[in-house]
Amino acid sequence: MKLPRQFYRPLAIGAPEPFRELPVRLERMIHFVPPHNDKMRAKVPELVRQVDVVLGNLEDAIPADAKEAARAGFIKMAEETDFGTTGLWTRINCLNSPWVLDDITEIVAAAGNKLDVMMLPKVEGPWDVHYLDQLLAQLEARRGVTKPILIHAILETAEGVKNVEAIAQASPRMHGISLGPADLAASRGMKTTRVGGGHPDYKVLSDPGGDAPRQSAQQDPWHYTIARMVDACQANGIKAFYGPFGDFADLDACEAQFRNAFLLGCAGAWSLHPTQISIAKRVFSPDPGEVDFAKRILAAMPDGTGAVMIDGKMQDDATWKQAKVIVDLARLVAS
Ligand code: GLV
Ligand code: MG
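Residues numbered from 1 in each chain as written. Chains lettered and ligands numbered in written order. Predicted model: local features only at pLDDT ≥ 70, side-chain atom pairs only at ≥ 80, totals over all residues.

### With respect to the UniProt feature "binding site: substrate" (unreviewed entry) in the chain
For step 1, the next point in the chain: Residues given the UniProt feature "binding site: substrate" (unreviewed entry) here are Arg91 and Glu156. Taken along the chain, the residues just named run across 66 residues; in space they keep tight, none of their C-alpha pairs more than 13.8 Å apart.
For step 2, the next point in the chain: You can see Arg91 is positioned in strand 3 (residues 87-91).
For step 3, the next point in the chain: Setting aside chain neighbours within four positions, we find Arg91 in contact with Leu55, Asn57, Leu58, Glu59, Met119 and Pro121. (UniProt positions renumbered as here; feature names shortened; annotations may be inferred. Helix = DSSP H or I, 4+ residues; strand = E, 2+ residues; numbered from the N terminus. Contact = placed C-beta atoms within 7 Å.)

Structure, rendered in C-alpha cells:
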C-alpha cells in the first residue's frame, strides 16, 4: 500500500513536520569527499562553487581505522563551510555496522541544521528506512533540528531490488534512490570486477551467414535495474540517480553511462573524481537544441491539448508533457 507523504509522520513530539512536497533542487552530481583526508577537506570551499551536492562519505572506501576520523572530519566540514545553495549530504555506514549509531547521533547533534540528506547504503527493504526515519525523528526533536533530514537509499543488493517499490514509498523523508552497481554486482553474483559501466563480454552477436563478418555490440547490464528504479521513484514523487563510475580514465564510457541514465529518467549521478563533475553537469542538463524544440511544442499547443505538426513530426498532449519535462529542467538549470 502506498503511504501518502503526510500520513507517515515522525512520532516524536517537537520533531519537524515532514515535507509534503520535496524541495525542488538541481542535483546533477553528488560529489563524494573522504572527510578524514585533510587535503581533500581543504578543497571543499572551492568545490561548493562547482557542484550541486557535496557528500561526506563515511562508508565503503573509508578504512575501518579511519571511520571516527571521517565522522569528525565531516562534522568539522559542515561547521566550517558556508554551503549556500549547494546541498550537504553524508553517506553513513550500513545499519548493521558498529559505526552507524554514532554516525547518526553525532551528525544530527552537531550538523542537523545544515545537513540536507542522509544516504543510507545497502537498503534491503522498507524496514531499513523506517528504522532511520524514527531515529531521525527522535534526534531532530531532541536537538531542535528545524527542517527534516531526508533519506536517500542506495539500491545495491538483490533483496533491495526485489523491494524497490516498497523502499521508494517507505517514508515521507524519502528523497530518492541511487543505483550502487558495485555492491549490486557482488550481491547478484555477477562476474565482474568493475564499478558500473559496461563489460566487453556482455554483448550480442549478429546472426551468422552471408559474407560479412558477424558484428558484436555491447549491451548495458544496468538497463533493467535503472528502469525499475526510475519507475519506483517517479511513481512515488522521488528522484532516481545513477551511482558511481569507477574507471576515472575512461571519460567517454562514464559519459555514455550517465547519458543512458539521464535519458531513462535519472536526475543525476555520483561524481567520485573531479573529471566526472563536468561530465555530469553536461549530461544532466538538457541539450539547448532539445530545449528550443520543446519550447516550440509548448508554444504551438498553449493549453497542452490537440495535435500539430512541427518539422514534419506529430505533436500531441503526450509530447507536450515530454516537452514540459525538458523545459522545466532547463528553467531549474538557469535559475
Ligand atoms: C556503491 O555504493 C556501489 O556499491 O556501487
Ligand atoms: Mg556500495
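Alright, that's what it looks like, and here's the rest.
### Considerations on helix 11 (residues 275-283)
Since the α-helix turns once every 3.6 residues, residues separated by three or four places project in the same direction.
For step 1, the next point in the chain: For helix 11, the complete set of buried residues consists of Gln276, Ile279, Ala280 and Val283. Along helix 11, the residues classed as buried sweep out an arc of 95° about the axis, all on the same side.
For step 2, the next point in the chain: Looking at the buried positions of helix 11, the neighbouring elements they touch are strand 1 (29-33), helix 10 (251-264) and strand 10 (268-271). (Buried ≥ 20, exposed ≤ 12 C-beta atoms within 10 Å, placed from the backbone. Arc of directions from axis to C-beta.)

### Some details on the site of ligand 1
For step 1, the next point in the chain: Neighbouring residues of ligand 1: Asp60, Ile154, Glu156, Gly180, Pro181, Ala182, Asp183, Val195, Gly243 and Pro244.
For step 2, the next point in the chain: Here the shell around ligand 1 takes three residues from helix 8 (residues 181-188), the largest share from any one element.
For step 3, the next point in the chain: Looking at the shell around ligand 1, its residues break down into five nonpolar, two polar and three charged. (Near = placed C-beta within 6 Å. Nonpolar A, V, L, I, M, F, W, Y, C, P; charged D, E, K, R; others polar.)

### A closer look at the pairing of strand 3
For step 1, the next point in the chain: A large share of strand 3 lies buried, amounting to five of its five residues.
For step 2, the next point in the chain: The alternating pattern of strand 3 places Gly87, Trp89 and Arg91 and Leu88 and Thr90 on opposite faces, both of which are buried.
For step 3, the next point in the chain: Handedness of the crossover joining strand 2 (residues 53-57) and strand 3 through helix 3 (residues 67-80) is recorded here as right-handed.
For step 4, the next point in the chain: In this structure, strand 3 lies alongside strand 4 (residues 117-120), joined through three bridges in parallel fashion. (Right-handed = clockwise from strand over helix to strand, strands pointing away. Pairing = 2+ DSSP bridges.)

### Let's talk about the nonpolar core
For step 1, the next point in the chain: Within the largest apolar cluster, 75 residues are counted, with the highest numbers of intra-cluster contacts made by Met229 and Cys266.
For step 2, the next point in the chain: Ignoring sequence-local partners within four residues, the contact set of Cys266 consists of Ile226, Val230, Ala240, Phe241, Tyr242 and Ala261. (Core = buried A, V, L, I, M, F, W, Y, C linked by C-beta atoms within 7 Å.)

### What to know about the environment of Asp316
For step 1, the next point in the chain: Note on placement: Asp316 falls in strand 12 (residues 313-316).
For step 2, the next point in the chain: On the basis of neighbour count, Asp316 is assigned to the partly exposed category, with 14 C-beta atoms found within 10 Å.
For step 3, the next point in the chain: For the pair Asp316 and Gly144, spaced 172 residues apart in sequence, the C-alpha to C-alpha distance is 50 Å.
For step 4, the next point in the chain: Apart from residues lying up to four places away in sequence, Asp316 is in contact with Gly306 and Ala307.

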